[in-house]
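Secondary and tertiary structure notes
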Amino acid sequence: MSEKPKLHFQALQIANEQRNAYGLRYNDYERYRKHCYNRTHRLRSSLKMTYGRGREFKKLPPINLDTIKDGHLQLLLFEAERAWAHSQEMHQESLKLAATAKTLKDAAKEDAERKSSSNRKHATRRMRRSIHWATQLLSHCQALYAQGRLSAEDLAQVTAYTLILNGRFLRQRYDFEDALVQLSVARNLLDALAAAAETSRAQALAVSFADEIGPEIRHCAHELRREKAYDVDAVVAEVAPRHRNALVQDCDALLSQLGKESGGAAEERGKLKELLWEGEPVPIRNPELVDVLLKVQEAEEKLVQARKAEDKSTDASAAEGEKKGKGAHGARSKRGGVASYDAILLALSEAEDVSRKLVEAQKLSGATATAGTRDIQFVHAYIVYQLLSRRVQRDLLLMSTLLHQLHAAQRSHSGHSKARKVQVDARLYPAIVKLLDSVLQSLEQMRTLTIVDESPDLASAVEARLAYTKARRCYYLAWCYAPLKKYAEALTLTQHAFIHLRECRSTLDGTIETDPINDGDPAFYPLSLADLDKLDEELTLDSTSFKTDWFAYNGGALDAESSKTHKKPLFFDIALNYISLDMDRLQERAGKAPKKVETPVAAPAPQQAAEKKTPASRAKVEEIERAATPEPSAQARGGLSSLLGGWWGRR
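All values reported here derive from a predicted model rather than from experimental measurement.

Basis of the calculations
Residue positions are counted from 1 within each chain, in the order its sequence is given. Where totals are concerned, whole chains, interfaces and linings use all residues; where local detail is concerned, this predicted model gives features only for residues with pLDDT of at least 70, and gives and counts side-chain atom pairs only at 80 or more. For the side-chain quantities, the full set of heavy atoms in the structure was used; hydrogens and water were omitted. Every helix listed is a DSSP run of H or I at least four residues long, and every strand listed is a run of E at least two residues long, numbered separately from the N terminus. Exposure categories follow from relative accessible area, calculated using a 1.4 Å probe and restricted to protein chains: below 20% of the type maximum is buried, above 50% is exposed, and the middle band is partly exposed. We call two residues in contact whenever any of their non-hydrogen atoms come within 4.5 Å of each other. Method for areas: the Shrake-Rupley scheme with a 1.4 Å probe, in which residue coverage is limited to the protein chains shown. By definition, pLDDT measures how confident the predictor is in each residue, and it falls between 0 and 100. Take a side-chain nitrogen of Lys or Arg and a carboxyl oxygen of Asp or Glu: if they are within 4 Å of each other, that pair is a salt bridge. Geometry of aromatic contacts follows a simple scheme: Phe, Tyr and Trp rings, the Trp one being its six-membered ring, pair when their centres are within 6.5 Å, and the pair is stacked under 30 degrees between planes, edge-to-face over 60, tilted otherwise. Counting as a charge over the ring demands two things of the Lys NZ or Arg CZ atom: a distance within 6 Å of the ring centre and an angle within 35 degrees of the ring normal. Among the buried residues, those of types Ala, Val, Leu, Ile, Met, Phe, Trp, Tyr and Cys that are joined through side-chain atoms within 4.5 Å form a nonpolar core. For helices, the axis comes from a line fit to the C-alpha atoms of the stretch in contact; other axes are also lines fit to C-alpha atoms, and the angle between any two N-to-C directions lies between 0 and 180 degrees. We call two directions roughly parallel when the angle between them is under 35 degrees, roughly antiparallel when it is over 145, roughly perpendicular when it lies between 65 and 115, and oblique otherwise. Take the far helix as the reference: if the near one is turned anticlockwise from it by less than a right angle, the crossing is left-handed, and if turned clockwise, right-handed. Following the grouping adopted for this structure description, the nonpolar residues are Ala, Val, Leu, Ile, Met, Phe, Trp, Tyr, Cys and Pro, the charged ones are Asp, Glu, Lys and Arg, and the polar ones are all others, Gly among them. An expected span of 1.5 Å times one less than the residue number is assigned to each helix. Starting at the helix axis, one direction is taken to each C-beta atom, and the arc is that of these directions.

Okay, the overall build of the protein chain next. The helix and strand tally for the protein chain stands at 24 helices and two strands. By the burial criterion, 39% of the 651 residues in the protein chain qualify as buried. If you take every contact in the protein chain between residues at least 6 apart in sequence, the share linking residues at least 24 apart comes to 74%. Accessible surface for the protein chain amounts to roughly 39200 Å². Of this, 52% is attributable to carbon and sulfur atoms.

Across the protein chain, the average pLDDT comes to 82, with 78% of residues at 70 or higher. Taken element by element, the protein chain is modelled with least confidence in helix α23 (residues 615-625), mean pLDDT 46, and with most confidence in helix α5 (residues 152-172), mean pLDDT 95. A low-confidence stretch, residues 608-624 (pLDDT under 50), is modelled with one contact involving residues beyond four sequence positions or located in other chains. Ignoring residues within four places in sequence, the model shows residues 633-637, a span with pLDDT below 50, making four contacts including any to other chains.

Going through the model one piece at a time under the given rule, you end up with 31 salt bridges. With a shortest N-O distance of 2.4 Å, Arg 114 and Asp 111 are connected by a salt bridge. Of this pair, Arg 114 and Asp 111 both sit in helix α4 (residues 106-146), three residues apart, roughly one helical turn. Judged by its relative accessible area of 28%, Asp 111 falls in the partly exposed class.

Moving on, we get to the packing of aromatic side chains. Using the criterion set out here, one finds 10 aromatic pairs in the structure. Ring geometry for Tyr 429 against Trp 479: centres 6.0 Å apart, planes inclined by 15°, an arrangement best described as stacked. Residue Tyr 429 is located in helix α14 (residues 428-447), and its partner Trp 479 is located in helix α16 (residues 456-481); the two are separated by 50 residues in the primary sequence. With respect to class, Tyr 429 is no different from Trp 479; both count as buried. Lying over the aromatic face of Trp 84, Arg 19 brings its terminal NZ or CZ to 4.4 Å of the ring centre. The ring of Tyr 525 carries Arg 465 above its face, with NZ or CZ at 6.0 Å from the centroid.

This part is about the nonpolar core. One broad trend across soluble globular proteins is that nonpolar side chains are buried collectively. In terms of nonpolar packing, the biggest core is built from 75 residues, with Ile 284, Leu 289, Tyr 385, Val 452 and Tyr 525 touching the most fellow members. Elements supplying a minimum of two residues to this core: α10 (287-324), α12 (341-365), α13 (376-412), α14, α15 (450-453), α16, α17 (487-508) and α19 (529-553). For this core, the element with the highest residue contribution is α16, accounting for 15 residues. Setting aside residues up to four positions removed in sequence, Tyr 385 forms contacts with Trp 277, Met 446, Leu 449, Ile 451, Val 452, Leu 458, Ile 517 and Phe 524.

Moving on: the packing of α17 against α19. Relative to each other, α17 and α19 sit at 165°, their axes nearing to 10 Å. As judged from the angle between their axes, α17 and α19 are roughly antiparallel. Relative to α19, α17 is oriented so that their crossing is left-handed. Here Tyr 487, Ala 488, Ala 490, Leu 491, Thr 494, Gln 495, Ala 497, Phe 498, Leu 501, Cys 504, Arg 505 and Leu 508 of α17 come into contact with α19, specifically with Leu 532, Asp 533, Leu 535, Asp 536, Leu 539, Thr 540, Ser 543, Phe 546, Lys 547, Asp 549, Trp 550 and Tyr 553. Residue composition of the contact of α17 with α19, grouped by class: 15 nonpolar, four polar and five charged.

Glancing now at the packing of α4 against α5. Two quantities define a packed helix pair, namely the angle between the axes and the distance from one axis to the other. Interaxial distance between α4 and α5 falls to 9 Å at its minimum, and their mutual angle equals 160°. Judged on the interaxial angle alone, α5 and α4 are roughly antiparallel. In this structure, the crossing between α4 and α5 has a hand that is left-handed. In contact with Thr 124, Met 127, Arg 128, Ser 130, Ile 131, Ala 134, Thr 135, Leu 137, Leu 138, Cys 141, Gln 142 and Tyr 145 of α4, α5 contributes Ala 152, Leu 155, Val 158, Thr 159, Tyr 161, Thr 162, Leu 165, Asn 166, Arg 168 and Phe 169. Considering only residue class, the contact of α4 with α5 consists of 13 nonpolar, seven polar and two charged.

Moving on: unusual backbone geometry. A positive phi angle is found at Asn 27, which is not glycine, with a value near 60°. The residue Asn 27 is located in the loop between α1 (11-21) and α2 (29-47) in this model. In the Ramachandran plot, Lys 485 falls in the positive-phi region, its phi being about 65° despite a non-glycine side chain. Its place among the elements puts Lys 485 in the loop between α16 and α17.

What follows concerns the side chain of Ser 116. Following the sequence through the fold, Ser 116 ends up in helix α4. Take Ser 116: its relative accessible area is 3%, and that puts it in the buried class. Not counting the four nearest positions on each side in its chain, Ser 116 is found in contact with Ser 94, Leu 97 and Ala 98.

What follows is about α14. Here α14 contains 20 residues, and its C-alpha end-to-end distance of 29 Å stays within 8% of the 28 Å for a straight helix at 1.5 Å per residue. Those residues of α14 that sit buried are Leu 428, Tyr 429, Ile 432, Val 433, Leu 435, Leu 436, Val 439, Leu 440, Ser 442, Leu 443 and Met 446.

Take helix α9 (residues 251-261) next. Three or more residues of α9 are buried, namely Cys 251, Leu 254, Leu 255 and Leu 258. The buried residues of α9 occupy one face: seen down the axis, they fall within an arc of 95°. Contacts made by the buried residues of α9 are with α4, α5, α6 (176-195) and α8 (232-247).

Below, the discussion takes up the side chain of Glu 79. Looking at where Glu 79 falls in the secondary structure, it is placed in helix α3 (residues 70-101). Setting aside its immediate chain neighbours within four residues, Glu 79 contacts Thr 40, Arg 44 and Trp 133.

With that settled, the discussion passes to the environment of Lys 96. With respect to the helices and strands, Lys 96 occurs in helix α3. The exposure class assigned to Lys 96 is exposed, which follows from its relative accessible area of 53%. C-alpha of Lys 96 to C-alpha of Ser 116: the two residues are 20 residues apart in sequence and 7.9 Å apart in space.

Looking now at the environment of Ala 459. Along the chain, Ala 459 turns up in helix α16. Looking at Ala 459, the relative accessible area reads 7%, which means it is buried. Spatially, the C-alpha atoms of Ala 459 and Arg 447 are 6.6 Å apart, while their sequence positions differ by 12 residues. Apart from the residues within four sequence positions on either side, Ala 459 is in contact with Arg 447 and Val 452.

Here it is in structure tokens:
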């Protein structure tokens, strides 16, 4: 006879996935109840366990353990979930009607109270039905475990699920002592499942259910006037060992078998590495969050491997590249590094989306975390910080890739006097400014996070990098204006860059030794005083260069030889468009009249017919014959100033 197949039935995992996917994340019990109804209908149809058609009722035979399948266990679980969701829905309606009755009077008040009582009784009946289905499921699982067809982990999950339903029902009936026992034993089983979990997802699943019943244990202990009722772990450690063997059949043997099953080597692929923040672990208590963080972990490992491979290839081809005189290999390797960040950013974006939904669900449910603990809001802020840091790291790598073109051009002109003014692509500096804008946006968003605001050293480090990034942005933005001959704008931007650089230096001077970003993993934005000195030197050189170019552009002389040549006066071209100038007259009034060369006077021509002189011609003759205005100083004044002085009316 062939051996009976083993079954794998994760009750807590199925319940958690279905609840989160179909409404219970936002306490929509009606939607979840309808989903459970549809699911049980499909399971009964597939297993041929329907109650007949139409009005004809067909009683179902009991489930045979020899032919039992995974679908039979799922059917019992969803029946229990359906009844439990209906019970919670009726309980909420009862509370709403009771609150409404307090605002009404006379007959309306009595009607609301009657409906509230009816809904409360209906909720109790549906809760009993849920416990009935869960108990039936537990009995089948115990029989399968005895036959060796079900693992200890699966049986422990079904047992914890049944105990949780029993404890909640007893608490609603104000039987706090028995409810405390049931919930404490369930919490003890969940802690054992978390300790024996082979994957981080299974551990987070057990921890999430344990966190869910923690407030209920605290409430029962408080109603029983127990000392230290706030310490849930202490209450569980006191109550559970005394009652677990009475409530769970062979509980000690079950826990020992659970430890043996998990004694083997766990799958390293499914294990999430411990996340630390300021030396303390970051709690990950949600299975969905574990899944996306595992993707982040895998992407980071791929990035590390890609960096190692790039370093080896760079070292191997460095000598060959120097011989050929080509610098394109560095740019290609950096582009490969930029592409490897896509997987990390995608996984972190997904993790941020999941954690944000969990935060919204916590706010809607009204649950609050214990003071001093790291709740889901802290985890969300931590994930956002990691996302922004990786984004900044990616943008800085992109910027260094773009600057490789400029550095290569400057190295090729290193022997010339104008190595800083090499011809580059006109789109280079605007692209760098755009990347720096993205870095600024990420840093400003990072500064508003609660985990950054609560750490003074980290807040100072982020502010220093904000100022340094602003200085670099002003520097490269000035180079966007320089090719357009807008030297005034370029010089203004360099002055702003000096201001931001001084601000960064004042912030960084006291904390450079203990900078958390430089010492962090990863150090996404390393910054030192040497970087500030280098940028200060570049700003000084470029500021002088802009001033020199501006002076030359306006007609100024940069050396002694150029001053000897004749230059047009300032605004000469503009004035010439509107004024007819007599340059000889201007030279004469400026004291620079050219020497007159005497030429033989020709004999006067015989006077012809007398011509009538108009008043305008007579005035012109008088102007020519008028003596020159005497100069106040005997010393001749030369240069541009004397010319302008005579032009603008110093007579």
